[in-house]
Amino acid sequence: MTTTKELSERLDQLEARARKAEDWTEIANLQAAYGYYVDKGLWDKAADLFAKDGTLEIAGRGVYVGQDRVRQYLGQLPEYKDGAIYNHMQLQPVIHVDSAAGKAKARWRTLMMV
C-alpha cells in the first residue's frame with residue numbers, strides 16, 4: 001500500500017516534470033517567434049525577445065551580449081525589399097532547462113535562404 005508521504009513525493013516529482021516540459025515548450029515557442037520576426041525583418045520585435053543580459057551568437061559574426069547589443073546587430077542587417085526572400089529555418093533544438101533555478105540554455109542550427 002502506498003503511503004501519503006510516498007504519494008506526496010510522487011506528486012512533487014510529477015509537478016517538477018510538468019513544469020520542465022512547459023518551460024521547454026515556452027523556450028521553443030520563443031525561438032519560433034524569433035525566427036518569424038527575423039524572417040519578416042522585424043528587428044526590434046526580435047531584439048525585444050532577449051533578456052537584458054541575453055546573448056546572440058551568430059557563427060562567423062560574433063557573440064552579441066545584452067539586449068541593446070543584439071538590437072544594434074539586428075538593426076545593421078539589410079532592409080528587406082520587394083521580391084526578397086529571407087527564410088530562416090531553425091533546426092535541431094537542444095534545450096537544457098533548470099526550472100528550479102529559473103534558468104535555461106538552448107541552441108539551434110539554421111538553414112537560411114536569402
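Below, the structure is looked at part by part. If you're wondering where the values come from, they're calculated on a predicted model, not measured in any experiment.

## Regarding the pattern of salt bridges
Evaluation of the coordinates by the stated rule reveals five salt bridges. Taking the shortest distance from any N to any O, the salt bridge between Asp-23 and Arg-19 comes out at 2.7 Å. Residue Asp-23 and its partner Arg-19 are located together in helix 1 (residues 4-39), separated by four residues, close to a single helical turn. For Asp-44, the salt bridge is made with Arg-71, and the minimal N-O distance between the two is 3.1 Å. Within this pair, whereas Asp-44 is found in helix 2 (residues 43-48), its partner Arg-71 is found in helix 3 (residues 67-75), the two being separated by 27 residues in sequence. By relative accessible area, Arg-71 is classed as partly exposed at 25%. One salt-bridge network, held together by shared partners, links Arg-19, Glu-22, Asp-23 and Glu-26.

## Focus: the environment of Phe-50
Here Phe-50 shows up in the loop between helix 2 and strand 1 (55-58). For Phe-50, a relative accessible area of 15% puts it in the buried group. A sequence separation of 21 residues divides Phe-50 from Arg-71, and the C-alpha atoms of the two residues are 9.2 Å apart. When near neighbours in sequence (up to four residues on either side) are disregarded, Phe-50 contacts Tyr-34, Thr-55, Leu-56, Gln-67 and Val-70.

## Some points on the layout of surface pockets
Approximately 1,200 Å³ is the volume attributed to the largest pocket. As for the largest pocket, its lining consists of 34 residues, of which Gln-31, Phe-50, Thr-55, Leu-56 and Ala-106 are closest to the centre. The leading source of residues in the lining of the largest pocket is strand 4 (residues 103-113), at nine residues. Here the lining of the largest pocket is built from residues that sort into 20 nonpolar, seven polar and seven charged.

## What to know about the environment of Lys-103
Checked against the element boundaries, Lys-103 lands in strand 4. Taking the C-alpha atoms as reference points, Lys-103 and Asp-23, 80 residues apart in sequence, are found 9.6 Å from one another.

## A few points about the nonpolar core
Ranked by size, the top nonpolar core spans 13 residues in total, and within it Tyr-34, Val-38, Leu-56, Val-70, Tyr-73 and Leu-74 carry the most contacts. Every element with two or more residues in this core is listed here: helix 1, helix 2 and helix 3. Not counting residues within four places of it along the chain, the set of residues in contact with Leu-74 comprises Tyr-34, Trp-43, Ala-46, Ala-47 and Leu-56.

Analysis parameters
Residues numbered from 1 in each chain as written. Predicted model: local features only at pLDDT ≥ 70, side-chain atom pairs only at ≥ 80, totals over all residues. Heavy atoms only, no water. Salt bridge = Lys/Arg side-chain N within 4 Å of Asp/Glu carboxyl O. Helix = DSSP H or I, 4+ residues; strand = E, 2+ residues; numbered from the N terminus. Buried < 20%, exposed > 50% of the residue type's maximum accessible area, 1.4 Å probe, protein only. Contact = heavy atoms within 4.5 Å. 1 Å grid on protein atoms, 1.4 Å probe; cavity = no way out; pocket = protein on both sides within 12 Å on 5 of 7 lines; lining within 4 Å. Points joined across faces, edges and corners; volume = space filled by probe spheres on them. Nonpolar A, V, L, I, M, F, W, Y, C, P; charged D, E, K, R; others polar. Core = buried A, V, L, I, M, F, W, Y, C linked by side-chain atoms within 4.5 Å.

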